[in-house]
Each structure stands twice: as structure tokens, then as C-alpha cells.
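The residues making up each chain are set out below.
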Amino acid sequence: MYVLSMHSILQQFIDIVFPKHCISCEEEGSFLCNNCFKQIKKFKNPVMKHPPNPFKKVIIPCPYHKNPILSKAVHRMKYSYYKDISKDLARLLTDALKEVKLPRNTHLVPIPLHRKRENFRGFNQSELLAFNINFPVVNLLTRSKETQIQANLKRSDRLKNLQNAFTINPHIENLPKTTPLLLIDDICTTFTTVTQAAKVLQKNGYDVLLTGALALA
Ligand SMILES: [Zn+2]
């Protein structure tokens, strides 16, 4: 509790000395003002009509390209340590998830980063998004292999890059295998990452049928 309250006092101090400005219009008050948030382009239907195997449902609220406010927000979240933007971005996913009737005991499984990359960045952006969505989060996967950034690779090399990349987190015990799991990724490009992650979970007897991402690139 002490640490928490110290943290919030420190946060208030930071907010006074360095007021937040909207990353798009620079209005003071938050990193993403309501006006700009509303301008983020969304798909008419966030639920994909033809989900790729092995998923029963894929939920993605936004296109990534030609969506300048969103891509700027994602970039800031990932590379400039504006972690608070994740709260606004998670709202997009939360709204999209309302289109699907998720079982109440659904758990969110963030796509992990390799420990080295997470240590360097200080956080995992998929986990940050997941923690701001109103479902329990379980870090069921770990990234055992230091992979290259998928976006920098040719399509044919992406699968190879991710082979054996994920393993089950040995520290997670007692999660019933029948718990409905929803994988959470930030930007989905070819579904290679989420598919590899789902396969590892399924091989271990888990029931992973759903995946969600903030945006489709
Ligand atoms: Zn704005």
C-alpha cells in the first residue's frame, strides 16, 4: 500500500510538472483526447467472418494502416514509454469484445515478449492492453526463444522464426484446462504469431479458441 500511494503521489507530481498532451492535437489533459479517440478508424464488424485455423473467433477492432492516430498511439505505447495510452487503446478492444458473448470465466493470455526484450522495454504491450480489459489475465505462455521482429521478416521466414518460440509458463498451476482462453496481441499481421501460440496451448490440452488484437496490419 505504501508503495502504491507513493507511486500515485509521484504520478500527481509528474502530471503537474509535465502535463499530458494529446499525441494528435496536443490538447492538454490526456495522451489521447476524446475527439481524437473518436477519429480512430474501426472495422464495421470487429469479428472476422472467416477466422483462420485453429480459431473459432478472431476479434480485431481496427485496421492498422491508414489509421494515423491509432498507429501513432501504438508506436508511442511501444517505443516512447507512454504506457497510459494502453488504457485508451484497450477501450477499443473492450468495445469489440462486447460483440462476442465470451464465457464469464474467459481468461486473457497476452502474447509474451522474450524476457530480454521485455526488460529492455520495461513492459509487454500486449500484457498492458490485457490488464486494461475487464477479464482475468494469465501469463500462460513464455517466449523461450529470442526471435526477430516479425514485421521485419519475409512471410516465408516468419513461421521459421517462431518455431518453438513459445512454451508453457511453468509457474502457472491449477488453471483448469477447460478455461476458455482468449489470446491478446497488439498488432496482427499474418496470424503466424497467434497461431503458433495457440498450437502450443492446444498441445498442452488448453482450450484456446479465440484471439483478439488491437489492429490488423
Ligand atoms: Zn486530440
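Not measured: the values here are computed from a predicted model. Residue numbering note: each chain is counted from 1, following its sequence as written. In view of the model being predicted, local features appear only for residues whose pLDDT reaches at least 70, and side-chain atom pairs are presented and counted only at 80 or more, with totals across whole chains, interfaces and linings using the full set of residues. As a convention, hydrogens and water are excluded, and side-chain values are obtained from all of the structure's heavy atoms.

With that settled, the discussion passes to the pattern of salt bridges. Any Lys or Arg side-chain nitrogen found within 4 Å of a carboxyl oxygen on Asp or Glu counts as a salt bridge. Under the criterion given, the structure shown has 5 salt bridges. Here D95 and K98 are joined by a salt bridge, their closest N and O atoms 3.4 Å apart. Any residue under 20% of the maximum accessible area for its type is buried, any over 50% is exposed, and the rest in between are partly exposed; the area is computed with a 1.4 Å probe on protein chains only. The exposure class of K98 is exposed, given its relative accessible area of 61%. One connected set of salt bridges, linked through shared partners, spans K20, D84 and K87.

Paired rings are identified among Phe, Tyr and Trp, the last through its six-membered ring, by centres lying within 6.5 Å, and are further divided according to the angle between planes into stacked (under 30 degrees), edge-to-face (over 60) and tilted (the rest). This model, assessed by the stated rule, comprises 1 aromatic pair. Directly above the aromatic system of Y82 lies the positively charged group of R76, at a separation of 5.1 Å from the ring centroid. Here the basic side chain of R91 rests over the ring of F37, its NZ or CZ set 4.0 Å away from the ring centre. Both a distance and an angle decide whether a charge sits over a ring: NZ of Lys or CZ of Arg must be within 6 Å of the ring centre and within 35 degrees of the ring normal.

In this section: the coordination of the zinc ion. Each angle at a metal carrying four tetrahedral donors should ideally be 109.5 degrees, and each at a metal carrying six octahedral donors should ideally be 90 or 180 degrees. Because water is not among the atoms used, a metal site may look incomplete, as its donors are only the N, O and S atoms within 2.8 Å, or 3.2 Å for Na, K and Ca. For the zinc ion, the protein coordination sphere consists of C22 (SG), C25 (SG), C33 (SG) and C36 (SG), at 2.3 Å. For the zinc ion, the 4 donor atoms in the first shell make angles of 102 to 117 degrees at the metal, so the coordination geometry reads as tetrahedral. Between the donor residues of the zinc ion, the gaps in sequence give the motif C-x2-C-x7-C-x2-C. Its relative accessible area of 3% is what places C22 among the buried residues. The class for C25 is partly exposed, based on a relative accessible area of 41%. In these descriptions, tetrahedral denotes four donors with every angle between 85 and 135 degrees, square planar four donors and octahedral six donors with opposite donors over 155 degrees apart and the rest between 65 and 115, and irregular any other case.

Once the domains are mapped, the protein shows domain 1 (1–39) and domain 2 (40–216). All the domain ranges listed were derived from an automatic or database domain assignment. Here the C-alpha centre of domain 2 lies 25 Å away from the C-alpha centre of domain 1. Taken together, the contacts link 10 residues of domain 1 with 12 residues of domain 2. A 1.4 Å probe defines the accessible area here, and the buried area is the portion of it lost by two parts on being joined, summed over both. For the pairing of domain 1 and domain 2, the buried interface totals around 1100 Å² over both sides, and the portion due to carbon and sulfur atoms is 64%. We call two residues contacting when some pair of their heavy atoms lies within 4.5 Å.

Our focus in this paragraph is the side chain of S126. Position of S126 among the secondary structure elements: in helix α6 (residues 125–131). Take S126: its relative accessible area is 2%, and that puts it in the buried class. Definition of a polar contact: a pair of N or O atoms within 3.5 Å, with one able to donate and the other able to accept a hydrogen when the atoms are protein atoms, and with sequence-neighbouring residues admitted only if both atoms are side-chain atoms. A polar atom in the side chain of S126 sits 3.4 Å from the backbone nitrogen of D186. With near-sequence residues (within four places) excluded, S126 lies in contact with P110, I111, I184, D185 and D186. Helix and strand labels come from DSSP, where a helix needs a run of H or I of at least four residues and a strand needs a run of E of at least two; each type is numbered from the N terminus.

On the surface, L10, F13, I14, I16, V17 and F18 cluster together to form a nonpolar patch covering roughly 630 Å² of accessible area. Counting through the fold element by element, L10 comes out in helix α1 (residues 2–17). Like-charged residues are merged into a patch within 9 Å and nonpolar side chains (Val, Leu, Ile, Met, Phe, Trp, Tyr) within 5 Å, provided each residue has over 30% relative accessible area and no salt bridge. Under the convention used here, a 1.4 Å probe and the Shrake-Rupley method define accessible areas, while residue burial counts only the protein chains that appear.

Right, let's get into the pairing of strand β6 (residues 180–188). Counting buried positions over the 9 residues of β6 gives 9, a clear majority of the element. By the bridge criterion, 8 bridges tie β6 to strand β7 (residues 207–216) in an arrangement that is parallel. Each bridged residue has a counterpart across the sheet, and for L181 the counterpart in β7 is V208. In this view, the connection linking β6 to its parallel neighbour β7 by way of helix α8 (residues 192–203) has right-handed handedness. Pairing between strands requires that DSSP locate at least two bridges from one strand to the other. Handedness of a crossover is defined as follows: orient the strands so they point away from the viewer, and if the path from the first strand over the helix to the second runs clockwise, the crossover is right-handed.

A separate point is unusual backbone geometry. Residue P54 is reached from N53 by a cis peptide bond, and omega for that bond is -5 degrees. Turning to its location among the elements, P54 is positioned in the loop between α2 (34–38) and β1 (57–59). A positive phi angle, near 55 degrees, is found at K66, a position not held by glycine. Among the structural elements, K66 can be located in the loop between β2 (62–63) and α3 (68–79). The exposed category is assigned to K66, whose relative accessible area is 74%.

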